[in-house]
Amino acid sequence: MVTTALVATRNTCFAIISAIETDLRETVQLLAEMHGITDLLPTDVREIALRRWASDHSSGPGLSPENDFDLLPYSDFADLSKIIASQFSNSPLIAAHVLSVLAAVIDMLNPIRHRVCHSRPLEPDDLPLSLDGASRLLALPELHFATLKATVARLSEDMPFVLNLVIPAFWAADDDRVYNNLPLPEFDETGFLGRNDDRRQVTRLLLSHYPVVSIVGEGGVGKTALAQRCLYDLLDMSEAPYDAIVWTSLKASTLTPSGVQEVTEQVRTTLGLLAQLASALGTPDSASQTVEALVEELHEYMRAFRVLLVIDNLETLSSHGLRPLLAGLPAGSKILITSRVGLGEFEARYALSGLDKPTATALLRSYGRVVGVDLLAKAADALLQSYAKKLFLNPLLIKWFVAGIARGSSPDALLSRSEGPFAEALAFCFANLFDRLSIHERDILHVLASARRPLSLAELHYLLSDRSPRDVDWALNTLYNSSMLQQSASTNDPVRYRLSDSGSEFIARQRPPGKALFDQVQLRIRELRNIAELENVRQNRYTYDVFAVRARNSDERIVAVYLRRALDAARRKQWDATHVAIEEAKRLVPQSSEVWRVSGLVLGQEGDHFRALQDLENAVALDGQSTIARYTLALFLLRETGDAEGALVHLEAAVRQEPDDLTLQSAKAQALVRLGNYAAAEELYLRVIDDKRFSELGWRHRVAIFDQACECYRRWSEKDATDRDDGQFREHIDRALGIVERAAELKLFDEQTRERLSRVLNEALWHALHRKDSGYAERVLERAAAVVAQMPARPLALHSRGIFEQAFAGSVAVLRLLATLSAEDSGGGAISLRPAGESDPVPSGYGTGVIHTLVAGGSYGFIEDSSGSRLFFHRSHVVSGTRWESLRMGAMVRFRVGQNHQGKCAVDVSLSE
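Nothing here was measured: the structure is a model prediction, and the numbers come from that model.

Focus on unusual backbone geometry
The backbone of Lys-747 shows a phi angle near 60°, a positive value even though the residue is not glycine. Take Lys-747: it is sitting in the loop between α33 (726-745) and α34 (751-771). Residue Lys-772 is not a glycine yet carries a positive backbone phi of 50°. Relative to the assigned elements, Lys-772 resides in the loop between α34 and α35 (774-788). Its relative accessible area of 72% is what places Lys-772 among the exposed residues.

Written as structure tokens, this is what we have:
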């Protein structure tokens, strides 16, 4: 029925255009005779017409046309417009508007005539346009279109007469430029609907340098139709890109309303395919040759001529046997393949999806009209769109559905998802493909079906962690070459893989995953969800907790599992396990800034500072907008390398992104302190501490900020001491004590607070000693005692207590306060003022002292010995095993007295145990 409709459409267009040609030629001849014109045809038109006349009269020797009127039937349809314009544009016998209508109709119908007479695929509007052209000409009262009027009348009374029409051979006589054996396309009855972009893209590939082009898509999606449409486009190009286009089909079965039917005489072997291709190119006895001989024969043809071999439905045959043919194709020739599975490394692959909704709706209506289903031909767009969606916008399923209704089935019965016609139709599209997949490929499809959502590559590896990564990657590549897997991507999210809608339906209904696999996938998805929730809790508790794992997308949620394992293993100092987890995270998501940040963090914990710095810098390079990456790197630079300037660069960048964040502001202040910019640091610390949001920070975080602010003032006082500015020194010591007092009132103190208080007190007492100001010593000791009274009893390290007692022997108040700080408190503990390391054995030739000054950002300082003398020491004088960054003012050290160009100095400096 469809084939009859296809012929009827083409022949109806032919009948109309042929009738118009006949009437126009009679009109032209009549007008020429009335004007006495004998040289009717332009020179170029006459030459072509003469060749055609001679070809049509070859049986009669010595024959020749008497005049141009004999040649008129052999002129092109488009030439009639040229003849009329050149001969009768100024004729008083025909009006200008009539000439205009004639020219417009000829121009409109000429491409249709070309498609009809040269076996080209028809466009959807070819028949309507042909009928419209006929109506416009019949509406001209000045001209008498007798043949056209009779043809239109007969079409309305006796439509089947067109089936017996034969198109004259000379109409297609000039179409021999490109040898081809292309079949009439199956879409001819409706025209090629939609897919304009697909058509352009595939044609572009066929004109490109790629030797092998494949159109890949699920069964029935329209691969063959698109290929045929593009091939016919190539035939009509003004400069033919190929000398021959050879078509062969490996279709093994077809889907009909009554079920799947096997194709008779199908090609089943590589040898059979090669023999068919060689035979189409004119190779005699091709069926008796070997594969090797046929491949060489085909390559020889393709070297001599520009040949496009087309293999339709390759999935029915193993492509492995075609490798000799595909490899080493001669330049200028090409192979086009349609298949449900791509070839992989050989091809430029074009993945074809279903129709868009408007085109699918138009196909339902148009095909319904062709087969006489008024229910569809006259249905509302909304109803047709719902049918098209249920049919997955698949052209084959749409045609199967329409044909089924034409045979008497109801739409609901055809669309039922239960076992029946629809299940069989869906199986036709997928069963042959699915059952040929490997176990790993089927596992991936079943994991996607079990997850019930698109998955990234990292998620697939995690959910299939009991398979080797290589097996998963290889299987995924094979599936991507098939039509069951689709990709989606967005700017801020990784590429995701998902089942096509029809593929998902097929698996769910006919090849579902096993219970064990489904349960395993769901369990691991729940594990991911739980880990993400725990990390969110950790991060919400402290936004800039460097040990919390951040996950901005699905891939980072996957590697969060491995990063948490790495952090936990590092905490237990299980470095092998740490590295295994980190390397797996890097393999899965190598472009994740968070992966490299955590890697740098754990390497720093391990002590591999060189690699740690590299990884932390890589984290920032991968995502310059990540404030946590910059914050972590800045802390590392401050604590491990002493690069406060570099740390400040990253902290300022982070603050520009989060200008109101208290953690970033306090960290920036810390870097400013290391650089000696105490005034700017003070401003930031006070702003943070006075902010109403400060109380919302975690307890430990607030303790640390108070401690850092205190250290800012203590270092500032060191600078004042170096500058011998007693007023500023006492002001900054006073502010340092004020910070500790405020922290004590708020119960925001820990052992580090106690240590900081000890350092401040030591600085103040040394200052009072050198200025012989017992009153100042008394005041700072009173404030320190008030603070200590609010703390649990712990040792308070005041170095050189004996020196202080001797210096202030005349001040009863100072001695009393020192004794009070030494007494047991209600907690039963003791606060000891014994200098650290006082009882440590000191090697011969070495002395002990206290680091009095460290120049901020510099590489030198001063040590004060037990006599009160100060000795210069340089970073290069610190012994191996003692890190410069570990030295703190007030720390007890051992040293030897050496000599430099300015005098005595301390050398071989090390921390006293």
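With respect to the packing of aromatic side chains
For the structure shown, the criterion picks out 10 aromatic pairs. A centroid spacing of 6.3 Å and a plane angle of 40° characterise the contact between Phe-392 and Phe-422, whose relative ring orientation is tilted. Here Phe-392, found in the loop between α15 (381-390) and α16 (395-406), pairs with Phe-422, found in helix α18 (residues 421-434); they are 30 residues apart in sequence, far enough to count as distant. Just as Phe-392 is buried, Phe-422 falls in that class too. Aromatic pair Tyr-713 and Trp-716: ring centres 6.4 Å apart, planes at 5°, arrangement stacked.

Structural notes on the pairing of strand β12 (residues 847-854)
Burial runs high along β12: 6 of the 8 residues are buried. Sheet topology note: the β12/strand β13 (residues 860-865) ladder contains 5 bridges and is antiparallel. In the sheet register, Val-850 faces β13, and the bridge partner there is Glu-864.

Structural notes on the nonpolar core
Formed by 157 residues in total, the largest nonpolar core has its most connected members in Leu-364, Leu-376, Phe-401, Ile-444, Leu-445, Phe-506 and Tyr-631. Take this core: its biggest share by element is 10 residues, from α18. Within the second largest apolar cluster, 46 residues are counted, among which are Cys-13, Leu-40, Trp-53 and Leu-137.

Digging into the environment of Trp-596
Mapped onto the elements of the fold, Trp-596 is located in helix α26 (residues 593-606). Accessibility expressed as a relative area gives 17% for Trp-596, which makes it buried. Sequence separation of Trp-596 and Asp-615 is 19 residues, and the distance between their C-alpha atoms is 5.3 Å. Excluding residues within four positions of it along the chain, Trp-596 makes contact with Lys-586, Pro-590, Asp-615, Leu-616, Asn-618, Ala-619 and Leu-622. Polar contacts involving the side chain of Trp-596 include one to the main-chain carbonyl oxygen of Pro-590, which spans 2.9 Å.

Let's talk about empty space enclosed by the protein
Counted according to the given criterion, the structure contains 5 cavities of 30 Å³ or more. Space inside the largest cavity adds up to approximately 60 Å³. Lining the largest cavity are Arg-714, Arg-759, Asn-762, Glu-763, Trp-766, Val-850, Ile-851, His-852, Met-889 and Gly-890. Looking at the lining of the largest cavity, the elements with two or more residues in it are α34 and β12.

Concerning a nonpolar patch on the surface
Residues Leu-30, Met-34 and Leu-93 make up a contiguous nonpolar surface patch of about 310 Å² in total accessible area. Along the chain, Leu-93 turns up in the loop between α4 (77-88) and α5 (96-117). Residue class for Leu-93 comes out partly exposed when judged on its relative accessible area of 45%.

Quick notes on the side chain of Glu-218
Relative to the elements of secondary structure, Glu-218 occurs in the loop between β2 (212-216) and α9 (223-235). Buried and unpaired, Glu-218 has no salt bridge, with Lys-223 as the nearest side chain of opposite charge at 8.3 Å.

Structural notes on the sheet that holds β2
Read across the open sheet, the 6 strands follow the order β1-β3-β6-β7-β2-β8; overall the sheet is parallel. For this open sheet the edge positions go to β1 (179-180) and β8 (348-351), each flanked by a neighbour on one side alone.

Observations concerning the pattern of salt bridges
In this structure the tally under the stated criterion is 41 salt bridges. In this structure, the salt-bridge partner of Glu-741 is Arg-783, at a minimum N-O distance of 2.8 Å. In this pair, Glu-741 sits in helix α33 while Arg-783 sits in helix α35, placing the two residues 42 residues apart along the sequence. Assessed through its relative accessible area of 21%, Glu-741 is described here as partly exposed. Take Arg-783: its relative accessible area is 22%, and that puts it in the partly exposed class. If you follow the salt bridges from partner to partner, you end up with Asp-707, Glu-711, Arg-714, Arg-715, Glu-718, Arg-756 and Glu-763 in one network.

A look at the confidence of the model for the protein chain
Residues at a pLDDT of 70 or more form 87% of the protein chain, whose mean pLDDT is 81. Within the protein chain, strand β5 (residues 259-262) has the poorest average pLDDT of any element, 61, and helix α31 (residues 678-690) the best, 94. Within the model, the stretch residues 823-842 combines pLDDT values under 50 with 40 contacts to residues more than four positions away or in other chains.

Details of the environment of Arg-870
By the secondary structure assignment, Arg-870 is in strand β14 (residues 870-874). Of the residues examined, Arg-870 reaches a relative accessible area of 40% and is grouped as partly exposed. Residues Arg-870 and Lys-904, spaced 34 residues apart in sequence, show a C-alpha to C-alpha distance of 9.7 Å. Setting aside residues up to four positions removed in sequence, Arg-870 forms contacts with His-770, His-852, Ile-863 and Glu-864. Here His-852 takes part through its side chain, which lies 2.6 Å from a polar atom of the side chain of Arg-870. Of the polar contacts made by the side chain of Arg-870, one reaches the side chain of Glu-864; its length is 3.1 Å.

As for α35
Over its 15 residues, α35 extends 21 Å from the first C-alpha to the last, a length consistent with the 21 Å expected when each residue adds 1.5 Å. Among all positions of α35, only Tyr-776, Ala-777, Val-780, Leu-781, Ala-784, Ala-785, Val-787 and Val-788 are buried. In an axial view of α35, the angular spread of the buried residues amounts to 165°, which keeps them on one side of the axis.

Focus on the packing of helix α29 (residues 644-657) against helix α30 (residues 662-674)
Between α29 and α30, whose axes approach to 9 Å, the crossing angle comes to 155°. When the interaxial angle is binned, α29 and α30 end up roughly antiparallel. The hand of the α29/α30 crossing is left-handed. In this structure, α29 uses Ala-644, Leu-648, Leu-651, Glu-652, Ala-654 and Val-655 to contact α30, whose residues at the interface are Leu-664, Gln-665, Ala-667, Lys-668, Ala-671, Leu-672 and Arg-674. Split by residue class, the contact of α29 with α30 holds 9 nonpolar, 1 polar and 3 charged.

Quick word on the side chain of Gln-665
In this structure, Gln-665 sits in helix α30. On the accessibility criterion, Gln-665 (6% relative accessible area) is buried. Not counting residues up to four positions away in its chain, the partners in contact with Gln-665 are Val-655, Pro-659, Asp-660, Leu-684, Arg-687 and Val-688.

A few points about α16
Look at α16: 16 Å from first C-alpha to last across 12 residues, which is about the 16 Å you get at 1.5 Å a residue. With 10 of 12 residues buried, α16 is to be regarded as a mostly interior element. Of the residues making up α16, those classed as buried are Pro-395, Leu-397, Ile-398, Lys-399, Trp-400, Phe-401, Val-402, Ala-403, Gly-404 and Ile-405. Note on α16: the residue one or two positions beyond its end, Gly-408, has a positive phi of about 110°.

Some remarks on the pairing of β13
Of the pairings in the sheet, the one linking β13 to β14 comprises 5 bridges and is antiparallel in character. Among the inter-strand pairings, Phe-862 is bridged to a residue of β14, identified as Phe-872.

Comments concerning the environment of Ile-705
Its location among the elements puts Ile-705 in helix α32 (residues 699-722). The spacing of Ile-705 and Ser-666 is 39 residues in sequence and 6.7 Å in space, taken between C-alpha atoms. The residues contacting Ile-705, other than those within four sequence positions of it, are Ser-666, Tyr-685, Val-688, Ile-689, Phe-694 and Leu-697.

So, the packing of α18 against helix α22 (residues 501-510)
The geometry of α18 relative to α22 is characterised by a closest axis approach of 10 Å and an angle of 95° between their N-to-C directions. Judged on the interaxial angle alone, α22 and α18 are roughly perpendicular. Counted together, Ala-423, Leu-426, Ala-427, Phe-430, Ala-431 and Phe-434 of α18 and Ser-502, Gly-503, Glu-505, Phe-506, Ile-507 and Gln-510 of α22 form the full contact between these two elements. Its residues assigned to classes, the contact of α18 with α22 shows 8 nonpolar, 3 polar and 1 charged.

Criteria and thresholds
Residues numbered from 1 in each chain as written. Predicted model: local features only at pLDDT ≥ 70, side-chain atom pairs only at ≥ 80, totals over all residues. Heavy atoms only, no water. Helix = DSSP H or I, 4+ residues; strand = E, 2+ residues; numbered from the N terminus. Buried < 20%, exposed > 50% of the residue type's maximum accessible area, 1.4 Å probe, protein only. Phe/Tyr/Trp six-rings, centres within 6.5 Å; stacked < 30°, edge-to-face > 60°. Pairing = 2+ DSSP bridges. Core = buried A, V, L, I, M, F, W, Y, C linked by side-chain atoms within 4.5 Å. Contact = heavy atoms within 4.5 Å. Polar contact = N/O pair within 3.5 Å; in protein donor to acceptor, adjacent residues only side chain to side chain. 1 Å grid on protein atoms, 1.4 Å probe; cavity = no way out; pocket = protein on both sides within 12 Å on 5 of 7 lines; lining within 4 Å. Points joined across faces, edges and corners; volume = space filled by probe spheres on them. Patch = residues over 30% accessible without salt bridge, like charges linked within 9 Å, V, L, I, M, F, W, Y side chains within 5 Å. Areas by Shrake-Rupley, 256 points an atom, 1.4 Å probe, with all protein chains shown as cover. Salt bridge = Lys/Arg side-chain N within 4 Å of Asp/Glu carboxyl O. Lys, Arg positive; Asp, Glu negative; His and termini not counted. pLDDT = per-residue confidence, 0-100. Expected span 1.5 Å × (residues − 1). Arc of directions from axis to C-beta. Axes fitted to C-alpha atoms, helices over the stretch in contact; angles between N-to-C directions. Parallel < 35°, antiparallel > 145°, perpendicular 65-115°, else oblique. Left-handed = near helix turned anticlockwise from the far one by under 90°. Nonpolar A, V, L, I, M, F, W, Y, C, P; charged D, E, K, R; others polar.

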